[in-house]
Amino acid sequence: MLNRSFEVNKAAMVANKRDLTAISISFGEFVPLKEYIGSPDYWVLFRGTNSLNDLIVSFLMALEKGLLYRGSLGKDNYPVLRLILKKLILETNNVAVLGVVTSVIQAYPELLDETSVKLLGVKEFYLWDSSRYSSELLTPNYYHRDPYLRQERISEDRRPHRKKYYLGLVGFVANYMFYHQAHNKLLFQEVDWMWESLDEGDSKMRKFLFDMDVRKYNYKPVDQPGYKNMVQFAPGYDIQVQEMISKSTDFPLSLPVVDMFWAKQVFDNELVSDRTYKSWKGRFEQCLKHGNRFELMNSSGSLAAVGLKDFINELTPQEKEWCRYELIKFGEKLLKSRSKTELGMLTSFDKPALIGLSIVFDSIALEVEKVTAKELIFRLLISNIDEQSK
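Let me sum up the structure you'll find in this document. Per chain, the residues get numbers from 1 upward, laid out in the order the sequence is written. At least 70 in pLDDT is required for a residue's local features to be given in this predicted model, at least 80 for side-chain atom pairs to be given and counted, and no such filter applies to totals for whole chains, interfaces and linings, which use all residues. Processing note: side-chain calculations cover all non-hydrogen atoms of the structure and skip hydrogens and water entirely.

1. Description of unusual backbone geometry
Okay, step 1: With phi around 60°, Leu167 is a residue other than glycine that occupies positive phi space.
Okay, step 2: Going along the chain from the N terminus, every DSSP run of H or I of four or more residues is numbered as a helix, and every run of E of two or more is numbered as a strand. One can find Leu167 in the loop between α7 (147-157) and α8 (169-180).
Okay, step 3: The class of Leu167 is buried, set by a relative accessible area of 8%.
Okay, step 4: Not every positive phi belongs to a glycine, and Gln181 is a case in point at roughly 70°.
Okay, step 5: You can see Gln181 is positioned in the loop between α8 and α9 (184-196). Each residue gets one of three labels from its accessible area relative to the maximum for its type: buried under 20%, exposed over 50%, partly exposed in between, using a 1.4 Å probe on protein chains only.

2. Let's talk about the pattern of salt bridges
Okay, step 1: Any Lys or Arg side-chain nitrogen located within 4 Å of an Asp or Glu carboxyl oxygen qualifies as a salt bridge. Across all of its chains, the model carries 20 salt bridges by this definition.
Okay, step 2: For the salt bridge of Asp268 with Lys264, the shortest nitrogen-to-oxygen distance reads 2.9 Å.
Okay, step 3: Each of Glu64, Glu156, Arg159 and Arg162 takes part in a single network of salt bridges with overlapping partners.

3. Notes on the side chain of Glu326
Okay, step 1: Tracing the backbone shows Glu326 in helix α15 (residues 317-336).
Okay, step 2: Judged by its relative accessible area of 7%, Glu326 is buried.
Okay, step 3: The criterion used for residue contact is that any of the two residues' heavy atoms lie within 4.5 Å. Excluding anything up to four places from it in sequence, Glu326 contacts Ser300 and Ala304.

4. Concerning a nonpolar patch on the surface
Okay, step 1: Exposure above 30% relative accessible area and no salt bridge define the residues that can form patches, which grow by joining like charges within 9 Å and nonpolar side chains of Val, Leu, Ile, Met, Phe, Trp and Tyr within 5 Å. Throughout, the Shrake-Rupley method with a 1.4 Å probe supplies accessible areas, and for residues the shown protein chains are the sole cover considered. Residues Phe378, Leu381 and Ile382 make up a contiguous nonpolar surface patch of roughly 330 Å² in combined accessible area.
Okay, step 2: Mapping Leu381 onto the fold places it in helix α17 (residues 367-381).
Okay, step 3: When its relative accessible area of 46% is taken as the criterion, Leu381 is described as partly exposed.

5. A short note on the nonpolar core
Okay, step 1: Nine residue types can take part in a nonpolar core, namely buried Ala, Val, Leu, Ile, Met, Phe, Trp, Tyr and Cys, and a core is a set of them joined through side-chain atoms within 4.5 Å. The biggest cluster of nonpolar side chains holds 71 residues, and the ones touching the most others in it are Leu60, Val95, Phe125, Tyr126, Val173 and Met212.
Okay, step 2: Per-element accounting of this core gives the leading share, eight residues, to helix α5 (residues 95-107).
Okay, step 3: Those residues in contact with Val95 that sit more than four places away from it in its chain are Ile23, Tyr36, Ile37, Gly38, Ser39, Tyr42, Trp43, Phe125 and Trp128.
Okay, step 4: By size, the runner-up hydrophobic cluster in this structure holds 32 residues, among which are Trp262, Phe284, Ile328 and Ala353.

6. Thoughts on α9
Okay, step 1: To estimate the expected span of a helix, count its residues, drop one, and scale the result by 1.5 Å. Relative to the 18 Å expected for 13 residues at 1.5 Å per residue, α9 spans 18 Å between its end C-alpha atoms, a close match to the ideal helical length.
Okay, step 2: Along α9, the residues that are buried comprise Asn184, Leu187, Glu190, Val191, Met194 and Trp195. Along the axis of α9, the buried positions cluster into a sector of 145°, meaning they face one direction only. More than 90 degrees from the buried face of α9, the exposed residues found are Lys185, Trp193 and Glu196. The directions considered for the arc are those from the helix axis to the C-beta atoms.

7. Some points on the packing of α9 against helix α10 (residues 203-212)
Okay, step 1: It is the contact of α9 with α10, at a shortest axis distance of 11 Å, that shows an interaxial angle of 155°. Taken together, the axes of α9 and α10 lie roughly antiparallel to each other. α10 is crossed by α9, and the crossing has left-handed handedness. Listed contacts from α10 to Val191, Met194 and Trp195 of α9 are Met205, Arg206, Leu209, Phe210 and Met212. Working convention: axes come from line fits to C-alpha atoms, limited for helices to the stretch in contact. Angles between N-to-C directions cover 0 to 180 degrees. Under this scheme an angle from 65 to 115 degrees is roughly perpendicular, one under 35 degrees roughly parallel, and one over 145 degrees roughly antiparallel; angles in between are oblique. With the far helix as reference, a near helix turned anticlockwise by less than a right angle produces a left-handed crossing, and one turned clockwise produces a right-handed crossing.

8. Some words on the packing of aromatic side chains
Okay, step 1: Think of it this way: a Phe, Tyr or Trp ring, Trp meaning its six-membered ring, pairs with another when their centres are within 6.5 Å, and the plane angle makes it stacked under 30 degrees, edge-to-face over 60, tilted otherwise. For the coordinates displayed, the defined rule picks out 15 aromatic pairs.
Okay, step 2: With 4.9 Å between their ring centres and 90° between their planes, Phe6 and Tyr42 make a pair best called edge-to-face. Here Phe6 is found in helix α1 (residues 2-15), whereas its partner Tyr42 is found in helix α2 (residues 40-43), with 36 residues between them in sequence. Accessibility classification places Phe6 together with Tyr42 in one group, the buried group.
Okay, step 3: Between Trp280 and Phe284, the aromatic rings sit 5.2 Å apart at their centres with planes inclined by 5°, giving stacked as the arrangement. Separated by four residues within a single helix, Trp280 and Phe284 lie in helix α13 (residues 277-290), roughly one turn from each other.
Okay, step 4: Ring pairing ties together the aromatic residues Tyr277, Trp280, Phe284, Phe311 and Trp322, which thus form one cluster.
Okay, step 5: Directly above the ring of Trp195 sits Lys216, whose terminal nitrogen or CZ lies 5.0 Å from the centroid. By the criterion adopted, a ring carries a charge over it if an Arg CZ or a Lys NZ lies within 6 Å of its centre and within 35 degrees of its normal.

9. Remarks on α5
Okay, step 1: The end-to-end C-alpha separation of α5 is 18 Å, in line with the 18 Å expected for 13 residues at 1.5 Å each.
Okay, step 2: For α5, the tally of buried residues reaches 12 of 13 residues, placing the bulk of the element in the interior.
Okay, step 3: Buried residues of α5: Val95, Ala96, Val97, Leu98, Gly99, Val100, Val101, Thr102, Ser103, Val104, Ile105 and Gln106, and no others.
Okay, step 4: Polar contacts, as used here, are pairs of N or O atoms within 3.5 Å; protein pairs need one atom able to donate a hydrogen and one able to accept it. Residues neighboring in sequence count only if both atoms are side-chain atoms. You can read the cap of α5 off the contacts: a side-chain oxygen lies 3.1 Å from the backbone nitrogen of Ala96, and it is on Asn94.

What follows is the structure, encoded as structure tokens:
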């Protein structure tokens, strides 16, 4: 039914001279070449932001929700879920379903396998998902006609993986290469192919490749007073990308690691010359605009803790909600961490966000959300976080 709907829509778009992109993916000798009907609008249909066809959008939203629910049941469900995702990939004829698949994999990276990794070798998917990510950061849209659908959309927007990775799939690939690694050999092949087929003048995709390929990351000194003996792990952009960045406000060279130092110093009551709400707000706006450029050095949790601790009376309702969301997300991430590289002895840069959970209640209006926050703090206290942090 869904495949037929997209075939009909494709014919209508061609008749009206609307742009479509033919996506071709090879899945090996059994499926040497599979073609999909593609467009940026199709890719984000499951998010319900740009279509008047509520039936198709609702179907895709329900598909994603069902798959995410199965993933939440635990690793025992992963083998079956991988088969379902494989079936969807090989039997669909459109990128709308592939957008759902990549969303589920971003939520549960361990689902990535030999079939789904092929989706990460398609240039267009990174461009479209980066637009999806930016749109979700800046312009949340909801169903306006139906109260149930509107509430459902609001609930779905709060899923952590929506904004977890910088520019969506770009940040996901970097995170996977660094933390999960299970299919890195296959993932390297897909990324290498994109490097080889990259148009010389395509600076945006060139930057994306530097952002996602951790093999090209470099250690760089931190240019911040008091931290001269520390380094940051960051993309090793070449001259072409650096020149593009210097001419565009969309891709600032500065990394959030610098904000992380500022937030820690302010939270620890160290002497900082720009300890003002205006300085905090500027960093807050950068977080909204650029998100988590590299999760290893993300400063949003610490920045949220500073906001509630030092500037609670000056924060707008939106800023208070952001602080609450970031701190709760930080705590939930600690509980979900599984590997030794992600959980254990927290660094001094994590402490502001962890302590910030204890002051999050000033930003919560609903009693039920206060209870949820208390439960989260209790679960952290009995978790395997190091005793000093507790």
